[in-house]
Amino acid sequence: MTVQTENLAGIDIRAEIERLRKERNAVILAHYYQKPEIQDLADYIGDSLELSKKAAATDADVIAFCGVKFMAETAKILAPEKTVILPDLDAGCSLEDSCPPEKFAQFRAAHPDHIALTYINCSTEVKALSDIIVTSSSAETILAQIPKDQKIIFGPDRHLGGYLSRKFGREMLLWPGVCIVHEAFSETELLKLKAQHPAAPVAAHPECPPHIIDHADYVGSTSGILNYAKSFEGDTLIVATEPHIIHQMQLAIPDKTFIGAPGADGQCACNICPYMALNTLEKLYLALRDLKPQVHIEEGLRLQAKKSLDRMLEMAGGTVGKGDLGAR
Ligand code: 13P
Ligand code: SF4
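Throughout this document, residue positions are counted from 1 along each chain, in the order its sequence is written. Here the convention is simple: chains get letters from A, ligands get numbers from 1, in the order in which they are written. Reporting of local features is limited, given that this is a predicted model, to residues whose pLDDT is at least 70; pairs of side-chain atoms are given and counted only at 80 or more, and all residues count toward the totals for whole chains, interfaces and linings. Here the side-chain values reflect all heavy atoms present in the structure, with hydrogen atoms and water set aside.

Trainee: Help me out: how do you make sense of the site of ligand 2 in this one?
Mentor: Nearness is defined per residue: one heavy atom within 4 Å of the molecule or strand is enough. With respect to spatial proximity, the complete set of residues near ligand 2 consists of Tyr33, Val68, Cys93, Ser94, Leu95, Asn121, Cys179, Val181, Glu207, Cys273 and Tyr275. Only Asp, Glu, Lys and Arg are considered charged, only Ala, Val, Leu, Ile, Met, Phe, Trp, Tyr, Cys and Pro nonpolar, and every remaining residue, Gly among them, polar. Grouping the constituent residues of the shell around ligand 2 by class yields eight nonpolar, two polar and one charged.

So this is what it looks like as structure tokens:
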């Protein structure tokens, strides 16, 4: 168990985080799904692609990653000389859990003429077994650069893969993983909510199942959804992704109304990511104080995983030659 228990009564946690951040020359990176109190003190808030880029470019000595483990590992892969801390090492992801490296390696071996285009929500081992990593904000740009006749395995999110497949008219072999958070949205409850707010558009993350995507006016990554929230016409937006992102919407556009799409009974908290929620201000303080839990990755594995991540960073920013994308 990685959760640290200690009596912190009497400690001004925010002031201590402030002090330690300077003392350690630390940068605090937070995903949009973090609790508002963590977002409010982060140096940068972003989607998984933006945070990877920040980690790769920072001149801080310590990266305090407020997100989930695969994100902190990505930071370590891209910035190995930095100390990378994650407030709670148990902050995993159902997509990562759905895709054990041994099974993924067997799947790849069974389809030698396919390249593995893999969602960043996976383990370092699976990244090392992949050709190109994508995030939800870079997937479309990257897929558009892959020759039409190239066969593709897409994992581990079958909903993101299915969405790309439908949008691009491209068949892909899909790994059967899902995000438990986006899977929990209810179509029936969403339709009831739309009936109550007939003028409100719906913005959805592509990790949502197709019966939610079908009702969306906008589909995109967390940063894409946030940009849409800043630009849509109207006064109310229904948001079908993890609801902590609404904090940034309320800060940026306080005069508009943002409603989280409902889960099964219309009011459950099943759309809060239980892994992201493991991080707290207290655990962030302890992590900065003790410089643990730290992320460590064996060097050979890191270098192998870095290849598919570097390819993502290269392709997300431009184009690569056709010959660059051969099957493994
Ligand atoms: P983004 O790439 O949109 O930040 O998504 C990450 C994620 O885990 C969504 O569930
Ligand atoms: Fe993983 Fe879903 Fe949580 Fe994102 S929201 S970290 S995909 S479980």
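Trainee: Please explain the site of ligand 1 as it appears in this structure.
Mentor: Around ligand 1, a shell composed of His31, Tyr33, Asp47, Ser48, Tyr119, Asn121, Ser136, His182, His205, Glu207, Ser221 and Thr222 is seen. Taking Asn121, its side chain carries an N or O atom lying 3.1 Å from an oxygen atom of ligand 1. Any N or O atom pair separated by 3.5 Å or less is treated as a polar contact, with the protein-specific requirement of one donor-capable and one acceptor-capable atom, and with residues adjacent in sequence counted only for side-chain atom pairs. At 2.8 Å, a side-chain N or O of Thr222 approaches an oxygen atom of ligand 1. Bound to the protein, ligand 1 loses 96% of the 310 Å² it would expose on its own. Among the residues making up the shell around ligand 1, the classes are represented as two nonpolar, eight polar and two charged. Accessibility throughout is a Shrake-Rupley quantity obtained with a 1.4 Å probe, and a residue counts as covered only by protein chains that appear here.

Trainee: What is the right way to look at helix α9 (residues 158-168) in this model?
Mentor: Owing to its 3.6 residues per turn, the α-helix brings residues three or four apart onto one side. Among all positions in α9, only His159, Leu160, Gly161, Gly162, Tyr163, Leu164 and Ser165 are buried. Trailing α9 by a residue or two, Gly169 shows a phi angle of about 60°, which is positive. Note on classification: 1.4 Å probe, protein chains only; a residue is buried when its accessible area is under 20% of the maximum for its type, exposed when over 50%, partly exposed between these limits. Numbering of helices and strands runs from the N terminus, with a helix taken as a DSSP run of H or I at least four residues long and a strand as a DSSP run of E at least two residues long.

Trainee: What am I meant to see in unusual backbone geometry here?
Mentor: Backbone phi values are negative for most residues with the exception of glycine, while trans is the configuration of most peptide bonds. Cis peptide bonds are those with omega within 30 degrees of zero, and the linkage from Gly155 to Pro156 qualifies with -10°. Summarising the element assignment, Pro156 is placed in the loop between β7 (151-155) and α9. Between Lys292 and Pro293 the backbone carries a cis peptide bond, its omega angle lying at 5°. With respect to the helices and strands, the residue Pro293 is situated in the loop between α15 (281-290) and α16 (299-316). One non-glycine residue, Leu291, lies in the positive phi region at around 50°. Secondary-structure assignment places Leu291 in the loop between α15 and α16. Classification of Leu291 as partly exposed rests on a relative accessible area of 22%.

Trainee: Can you help me understand the sheet that holds strand β8 (residues 173-174) in this one?
Mentor: Within a sheet, each strand pairs with its neighbour through backbone hydrogen bonds, oriented either parallel or antiparallel. At least two bridges found by DSSP between two strands are what make those strands a pair. Strand order in this open sheet of four strands is β6-β5-β7-β8, and the pairing throughout is parallel. Pairing within the sheet leaves two strands with one partner each, and these edge strands are β6 (132-134) and β8. Between two residues, a contact is recorded if the distance between any of their heavy atoms is within 4.5 Å. Orientation is described by lines fitted to C-alpha atoms, with helices fitted over the stretch in contact, and by angles between N-to-C directions that extend from 0 to 180 degrees. Seen against the sheet, helix α6 (residues 101-109) touches β5 (114-119), β7 and β8 and runs at an angle of roughly 150° to β5.

Trainee: Just to check I follow, could you spell out the packing of helix α4 (residues 69-78) against α16 for this structure?
Mentor: A pair of packed helices is captured by two measures, namely the crossing angle of their axes and the spacing between those axes. Relative orientation of the contacting elements α4 and α16 amounts to 95°, with a least axis distance of 9 Å. On the basis of the axis angle, α4 is roughly perpendicular to α16. Mapping the contact onto sequence places Thr74, Lys76, Ile77 and Leu78 in α4 and Arg302, Ala305, Lys306, Leu309, Asp310 and Leu313 in α16. Each angle is binned into one of four classes, with values under 35 degrees roughly parallel, values over 145 roughly antiparallel, values of 65 to 115 roughly perpendicular, and all other values oblique.

Trainee: Could you clarify how one ought to interpret the packing of aromatic side chains in this entry?
Mentor: Each aromatic ring pair is characterised by the separation of its centres together with the angle its planes make. Planes of paired rings set the category: under 30 degrees apart is stacked, over 60 is edge-to-face and the rest tilted, where pairs are Phe, Tyr or Trp rings (Trp by its six-membered ring) whose centres lie within 6.5 Å. Tallying each qualifying case throughout the model produces five aromatic pairs. For the ring pair Phe232 and Phe258, a centre distance of 6.4 Å and an interplane angle of 65° mean the geometry is edge-to-face. Within this pair, whereas Phe232 is found in the loop between α13 (222-231) and β11 (236-240), its partner Phe258 is found in strand β12 (residues 257-260), the two being separated by 26 residues in sequence. Put simply, the rings of Tyr218, Tyr228, Phe232 and Phe258 pair up and form one aromatic cluster. The ring of Phe232 carries the charged tip of Lys256 above its face, separated from the ring centre by 4.5 Å. Lysine NZ or arginine CZ positioned within 6 Å of the ring centre and within 35 degrees of the ring normal marks a charge as sitting over the ring.

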